[in-house]
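Residue-level structural notes
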Amino acid sequence: MKICVIGTGYVGLVVGTCFAESGNTVVCVDIDEAKIEGLKNGIIPIYEPGLKELILRNAEEGRLSFTTDLASAIKSSLLQFIAVGTPPGEDGSADLNHVLGVAREIGRHMESFKIVVDKSTVPVGTADKVRAAIRQELDSRNVDIEFDVVSNPEFLKEGAAIDDFMRPDRVVIGADNVRTAEIMKELYAPFMRKSNRIIVMDVLSAEMTKYAANAMLAVKISFMNQIANLCELLEADVAAVREGIGSDSRIGYDFLFPGAGYGGSCFPKDVKALVRTAAESNYDFVLLKAVEEVNERQKLVLPRKVISYFGGDGKALPLQGKRIAMWGLSFKPRTDDMREAPSIVIINALLEAGAQVSAHDPVAIKEARKIFGDRISYSSNEYEILRDADALLIVTEWNEYRNPDFERIAELLNKPVIFDGRNLYDPRRMKFIGFEYFAIGRNGKHFTTERA
Ligand SMILES: NC(=O)c1ccc[n+]([C@@H]2O[C@H](COP(=O)([O-])OP(=O)(O)OC[C@H]3O[C@@H](n4cnc5c(N)ncnc54)[C@H](O)[C@@H]3O)[C@@H](O)[C@H]2O)c1
């Protein structure tokens, strides 16, 4: 099939590349000229495992191309995937300017039947707005060309995006027209060889499904963070509790790791947008408001532990003269995405408290520099930043931090003390090897058998 993917970010690039990999002819469009120029020359603007190899191969084999010429891309393709950003507006609602701008462009340039696919995460009712925007452009051109608008929300996870797209748990297709639903099913058939996981539903329900999925995951995270905080107060161990409740098949083990709060480009904005959507229908989504508040508080748990450890409570600059080393900047491992990363709040809190911060991350330093500039220092070597630091903070659970050289850490730090926002280590072992170890909700009595 001939496909045009508009927006070459974390979603558009993966979607376009994976469709090319299954034999389709894909043209990826972006307004960012530098990005497109780079892609034409094999420079991939984001870090996503396995993506570069796939892009290079499909481009070389002629199935994948990049352009800023939206008009030609629209004309030459049957399917128009809208994968532009939907950032939160002032009031928390999803900003649809990019999506509707693209819809108008489609209406301006289409010359034959098109299937317009909302791939971006958009509020319930957006397909109608996209339809109206296209229709308005066609009317002003005085032409009547048939088109369909489909909702096909994306569930990929950054860091595992290729695998998620190639072997999805499910593909949701919201279509009000049987013929179009069949074309969409055909497009996704190569990814369904083991079993059919395509769920076809009406457009409004498909739009809602994406928000409900992200909101549910955010609920789980905030719930477990509160359980962990309470465990700490009651001297219970959240790792034991997680095993105890996860073994209930109605609950399951996934997404029950407490930590430094959720971040990224999706959960924070999608939770906000759903609260806003509810408010527009005069419905008070109290549960999600609480989830958001819990998450904001959770990001401050780690810096508060550091301040209280150094005894600076109540002082204007409680961490003055302290050097803090930080492992992990990206909002989660295997991505360079810094959008809404808890590390941002944590670093700001440490800097405000007077600390000096040096950070390591395997891939996100370039992105982090755009946020912090030279307010903190960086190193591509995780041990280098430990020299003469007063404590190590772990903020992102990159694999390379899971089994580090503890002897070397102890040697380099002024004093062997670790604040672990991701519960990577066994508190009993840490005590045994001479560390002061502060995790989230652990009492050190539970011998951990945690599943990954
Ligand atoms: N990142 C994720 O993990 C993820 C997962 C599922 C769904 N989503 C959703 O997918 C959408 C895109 O997310 P993303 O993370 O890929 O965003 P992104 O910011 O990485 O990429 C968006 C791209 O769209 C381009 N763009 C903006 N306006 C344009 C226009 N008029 N014409 C052409 N290109 C334009 C931008 O230049 C940018 O390259 C969002 O709605 C997001 O909520 C994201």
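Note that this is a predicted model, so its numbers are computed, not measured. (Residues numbered from 1 in each chain as written. Predicted model: local features only at pLDDT ≥ 70, side-chain atom pairs only at ≥ 80, totals over all residues. Heavy atoms only, no water.)

In terms of regular secondary structure, the protein is built from 17 helices and 14 strands. A globule of 452 residues ought to have a C-alpha radius of gyration of about 22 Å, and the protein, at 24 Å, matches this closely. C-alpha atoms of the protein, sized along the principal axes, occupy 75 × 45 × 45 Å. Counting over 452 residues, the protein shows a buried share of 55%. Long-range contacts, defined here as pairs at least 24 residues apart, represent 73% of the contacts in the protein between residues at least 6 apart. As displayed, the protein has an accessible area near 20500 Å², and 50% of this comes from carbon and sulfur atoms. For the protein, the distance from the average site of its 56 positive side-chain charges to the average site of its 65 negative ones is 2 Å. (Helix = DSSP H or I, 4+ residues; strand = E, 2+ residues; numbered from the N terminus. Rg over C-alpha atoms; globule rule 2.2 N^0.38 Å. Buried < 20%, exposed > 50% of the residue type's maximum accessible area, 1.4 Å probe, protein only. Contact = heavy atoms within 4.5 Å. Areas by Shrake-Rupley, 256 points an atom, 1.4 Å probe, with all protein chains shown as cover. Lys, Arg positive; Asp, Glu negative; His and termini not counted. Charge placed at Lys NZ, Arg CZ, Asp CG, Glu CD.)

What follows covers the pattern of salt bridges. Counted by the stated rule, this structure contains 27 salt bridges. Note that R339 and E158 form a salt bridge whose closest N and O atoms lie 3.8 Å from each other. Here E158 lies in the loop between β6 (147–151) and α7 (161–166) and R339 lies in the loop between β9 (323–327) and α14 (342–352), a separation of 181 residues in the sequence. Note on R339: relative accessible area 42%, which makes it partly exposed. Of the residues examined, E158 reaches a relative accessible area of 10% and is grouped as buried. (Salt bridge = Lys/Arg side-chain N within 4 Å of Asp/Glu carboxyl O.)

Here helix α6 (residues 126–141) contains 16 residues, and its C-alpha end-to-end distance of 23 Å stays within 8% of the 22 Å for a straight helix at 1.5 Å per residue. Looking only at α6, the buried set comprises T126, A127, V130, A133, I134, E137 and L138. Axial view of α6: buried residues confined to an arc of 130 degrees, hence all on one face. For α6, the exposed residues lying more than 90 degrees away from the buried face are Q136 and S140. Packing partners of the buried residues in α6 comprise α5 (97–109), β5 (114–118), β6 and α9 (203–234). Of the residues flanking the end of α6, it is N142, one or two places downstream, whose phi is positive at about 65 degrees. (Expected span 1.5 Å × (residues − 1). Arc of directions from axis to C-beta.)

Quick look at the packing of helix α1 (residues 10–21) against helix α3 (residues 51–60) now. Closest axis-to-axis distance for the α1/α3 pair is 10 Å, and the angle between their directions is 50 degrees. Between α1 and α3, the interaxial angle falls into the category oblique. Relative to α3, α1 is oriented so that their crossing is left-handed. Touching L13, V14, T17, A20 and E21 of α1 are L51, L54, I55, R57 and N58, all from α3. In terms of residue class, the contact of α1 with α3 is built from six nonpolar, two polar and two charged. (Axes fitted to C-alpha atoms, helices over the stretch in contact; angles between N-to-C directions. Parallel < 35°, antiparallel > 145°, perpendicular 65-115°, else oblique. Left-handed = near helix turned anticlockwise from the far one by under 90°. Nonpolar A, V, L, I, M, F, W, Y, C, P; charged D, E, K, R; others polar.)

Time to look at unusual backbone geometry. Excluding glycine, most residues fall at negative phi; most peptide bonds, likewise, are trans. Even without a glycine there, the phi angle at R334 is positive, about 65 degrees. Relative to the assigned elements, R334 resides in the loop between β9 and α14. With a relative accessible area of 43%, R334 lands in the partly exposed category. Notably, D388 is not glycine yet its phi reads approximately 65 degrees, a positive angle. Looking at where D388 falls in the secondary structure, it is placed in the loop between β11 (377–379) and β12 (391–394). On the accessibility criterion, D388 (44% relative accessible area) is partly exposed.

This part covers the sheet that holds strand β10 (residues 356–360). With respect to topology, six strands assemble into an open sheet ordered β11-β10-β9-β12-β13-β14, the strand pairing being parallel. The strands lining the two open edges of the sheet, one partner per strand, are β11 and β14 (436–438). This sheet shows a mean twist of 20 degrees between the axes of neighbouring strands, independent of strand direction. Inspection of the sheet shows β12 paired to strand β13 (residues 417–420) by three bridges, in the parallel sense. (Pairing = 2+ DSSP bridges.)

Residues F19, F81 and Y188 are the most contacted members of the largest nonpolar core, which totals 42 residues. Here this core gets seven residues from one element, more than from any other, and that element is α1. In this structure, F331, A353, A359 and F372 belong to the second largest nonpolar core, which totals 39 residues. (Core = buried A, V, L, I, M, F, W, Y, C linked by side-chain atoms within 4.5 Å.)

Turning to helix α15 (residues 365–372), a few remarks are in order. The set of residues buried in α15 consists of I365, A368 and F372. Take α15 and look down its axis: the buried residues cluster within an arc of 60 degrees, on one side only. What points out from α15, more than 90 degrees from its buried face, is the exposed set K366 and K370. The inward-facing, buried residues of α15 abut α14 and β11. Once α15 finishes, G373 follows within two positions and takes phi at roughly 50 degrees, a positive value.

A separate point is the site of the ligand. Taken together, 25 residues surround the ligand, and among them D30, K35, T86, E158 and K269 come closest. Take V11: an N or O atom from its main chain is 2.8 Å from an oxygen atom of the ligand. Separating an oxygen atom of the ligand from a side-chain N or O atom of R339 is a distance of 2.9 Å. Coverage of the ligand by the protein chains reaches 88% of its 830 Å² of free accessible surface. (Near = heavy atom within 4 Å. Polar contact = N/O pair within 3.5 Å; in protein donor to acceptor, adjacent residues only side chain to side chain.)

Purely geometric numbers; function is a separate question.
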